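# Architecture and fold: a report
Each chain is listed here by its residues.
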Amino acid sequence: MAWFTRDRPGKDAPENSEERHVRTEGLWLKCDSCGQIVWKKALDENLQVCPKCGFHFRVDARTRLETLFDEGKFEEFDVHLTSTDPLEFVDSKTYKDRLALMKEATSLSDAVISAAGTLNGRRVHICALELKFIGGSMGSVVGEKITRAIERSLHGRVPLIVISASGGARMQEGAISLMQLAKISSALMRLDEAKIPFISVMTDPTTGGVTASFAMLGDLNIAEPGALIGFAGPRVIEQTIRQKLPEGFQRSEFLLQHGFLDAVVNRAELKNYLAASFDFFLA
Ligand SMILES: [Zn+2]
């Protein structure tokens with residue numbers, strides 16, 4: 001606590017310890033990987049990558065788009081597309097209430113931002129999934145927004161990037177969520193036939209129906225270091241095959257070693273990596 005009291009001497013030091021705790025929490029945090037205390041500002045300046053060990057913290061969809069597009073500027077599409085709750089689903093709360101809460105918390109209409117702008121001077125479309133919106137899950141809106149982005153890429157002959165952060169299909173929309181896998185996959189096939197490049201970027205975590213569809217269908221499938229990527233979770237697999245899974249199973253590095261990924265790319269290098277890949281594809 002010494003650094004805190006030195007920074008803020010005397011008069012505006014908070015009275016109770018709870019408030020003091022909250023304020024310091026905003027300035028410093030503990031790295032999930034190396035356990036060291038990291039200055040939040042240093043983390044902000046380092047694209048949310050631990051300056052001490054290189055651990056990649058999760059970032060929200062908007063921040064991600066701002067760091068990839070030139071000058072952080074982009075145009076958004078289908079901003080107000082929202083789910084109609086086709087199954088009138090109820091779990092611990094109604095799906096309608098859950099959607100309303102999520103919209104309020106994230107200022108998004110669903111779990112993806114569809115955007116266009118330039119990346120190192122080249123026009124690209126980027127869809128970024130938002131994990132904070134019902135676990136980045138894919139229902140009808142995510143499916144439709146990504147499909148429309150693919151169609152826009154197709155008509156404008158513009159390369160596409162999808163940045164995944166998702167728990168998979170959205171159970172509150174049942175079979176309609178599952179239908180999105182087929183819809184997006186068939187749209188991607190048309191993009192492939194037109195020879196327009198699509199790069200899939202997987203971040204922590206990318207699982208379930210997202211892995212089982214577009215996340216693994218890129219001309220390049222790349223991932224951030226240490227990301228959890230898989231279809232079913234390790235516990236389910238262990239119970240099914242009755243074997244202990246190897247160390248690092250379902251992490252980016254393991255998947256690269258076993259041929260599931262084309263590259264593991266550090267966040268700081270991602271923008272240039274994407275630009276160089278498009279230069280290569282479109283040469
Ligand atoms: Zn660290």
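Structure's up top.
Small disclaimer: the values here were computed from a predicted structure and weren't measured.

## Notes on the overall build of the protein
The helix and strand inventory of the protein stands at eleven helices and nine strands. Since a compact globule built from 283 residues should have a radius of gyration of about 19 Å, the 20 Å found for the protein is in line with a globular shape. Projecting the C-alpha coordinates of the protein onto the three principal axes gives extents of approximately 65 × 50 × 45 Å. A burial count over the protein gives 43% of its 283 residues as buried. Residue pairs in contact within the protein that sit at least 24 positions apart in sequence constitute 65% of those at least 6 positions apart. Each charge class in the protein can be summarised by its mean position, and for the 34 positive and 37 negative side chains these summaries are 1 Å apart.

## Regarding the pattern of salt bridges
Summed over the entire model, instances satisfying the criterion amount to 20 salt bridges. One salt bridge connects Arg62 with Glu76, and the closest N-O pair in it is separated by 2.7 Å. Taken together, the residues Arg62 in helix 4 (residues 61–68) and Glu76 in strand 3 (residues 75–77) connect sequence positions 14 residues apart. What makes Arg62 partly exposed here is its relative accessible area of 30%. In this structure, Arg123 engages Glu75 in a salt bridge whose closest nitrogen and oxygen atoms are separated by 3.8 Å. One end of the pair, Arg123, is in strand 5 (residues 122–129); the other, Glu75, is in strand 3, and 48 residues separate them in sequence. Assessed through its relative accessible area of 40%, Arg123 is described here as partly exposed. The exposure class of Glu75 is partly exposed, given its relative accessible area of 42%.

## Here we look at the packing of helix 4 against helix 11 (residues 267–281)
It is at 10 Å that the axes of helix 4 and helix 11 come closest, and there the two elements cross at 55°. It follows from the interaxial angle that helix 4 and helix 11 lie oblique. For the element pair helix 4 and helix 11, the recorded crossing hand is right-handed. Between helix 4 and helix 11, the residues in contact are Arg64, Thr67 and Leu68 and Arg267, Leu270, Lys271 and Leu274, respectively.

## Regarding the packing of aromatic side chains
We describe a pair of aromatic rings using the distance from one ring centre to the other and the angle between the two ring planes. If you walk through the whole model with that rule in mind, you get five aromatic pairs. Across from the ring centre of Phe77, 4.1 Å away, lies the NZ or CZ of Arg152, which sits over that ring.

## Quick word on the nonpolar core
Ranked by internal contacts, the top residues of the largest apolar core, which has 56 residues, are Ile126, Ile146, Phe214, Ile222 and Leu274. Grouped together as the second largest cluster of nonpolar side chains are five residues, Cys31, Val38, Leu43 and Cys50 included.

## Regarding a nonpolar patch on the surface
Residues Phe280, Phe281 and Leu282 make up a contiguous nonpolar surface patch of roughly 310 Å² in combined accessible area. Among the structural elements, Phe281 can be located in helix 11. When its relative accessible area of 33% is taken as the criterion, Phe281 is described as partly exposed.

## Notes on the environment of Arg148
Its location among the elements puts Arg148 in helix 6 (residues 140–156). Taking the C-alpha atoms as reference points, Arg148 and Ala111, separated by 37 residues in sequence, lie 15 Å from one another.

## As for helix 6
The terminal C-alpha atoms of helix 6 lie 24 Å apart, and with 17 residues this matches the ideal 24 Å at 1.5 Å per residue to within 8%. Taken as a whole, helix 6 has its buried residues at Val141, Val142, Gly143, Lys145, Ile146, Thr147, Ala149, Ile150, Ser153 and Leu154. In this fold, the buried residues of helix 6 make contact with strand 3, strand 4 (112–119), strand 5, strand 6 (160–166) and helix 7 (174–193). At the C-terminal side of helix 6, Arg157 shows a positive phi close to 50°.

Reading guide: rules and limits
Residues numbered from 1 in each chain as written. Predicted model: local features only at pLDDT ≥ 70, side-chain atom pairs only at ≥ 80, totals over all residues. Heavy atoms only, no water. Helix = DSSP H or I, 4+ residues; strand = E, 2+ residues; numbered from the N terminus. Rg over C-alpha atoms; globule rule 2.2 N^0.38 Å. Buried < 20%, exposed > 50% of the residue type's maximum accessible area, 1.4 Å probe, protein only. Contact = heavy atoms within 4.5 Å. Lys, Arg positive; Asp, Glu negative; His and termini not counted. Charge placed at Lys NZ, Arg CZ, Asp CG, Glu CD. Salt bridge = Lys/Arg side-chain N within 4 Å of Asp/Glu carboxyl O. Axes fitted to C-alpha atoms, helices over the stretch in contact; angles between N-to-C directions. Parallel < 35°, antiparallel > 145°, perpendicular 65-115°, else oblique. Left-handed = near helix turned anticlockwise from the far one by under 90°. Phe/Tyr/Trp six-rings, centres within 6.5 Å; stacked < 30°, edge-to-face > 60°. Lys NZ or Arg CZ within 6 Å of the ring centre and 35° of its normal. Core = buried A, V, L, I, M, F, W, Y, C linked by side-chain atoms within 4.5 Å. Patch = residues over 30% accessible without salt bridge, like charges linked within 9 Å, V, L, I, M, F, W, Y side chains within 5 Å. Areas by Shrake-Rupley, 256 points an atom, 1.4 Å probe, with all protein chains shown as cover. Expected span 1.5 Å × (residues − 1).

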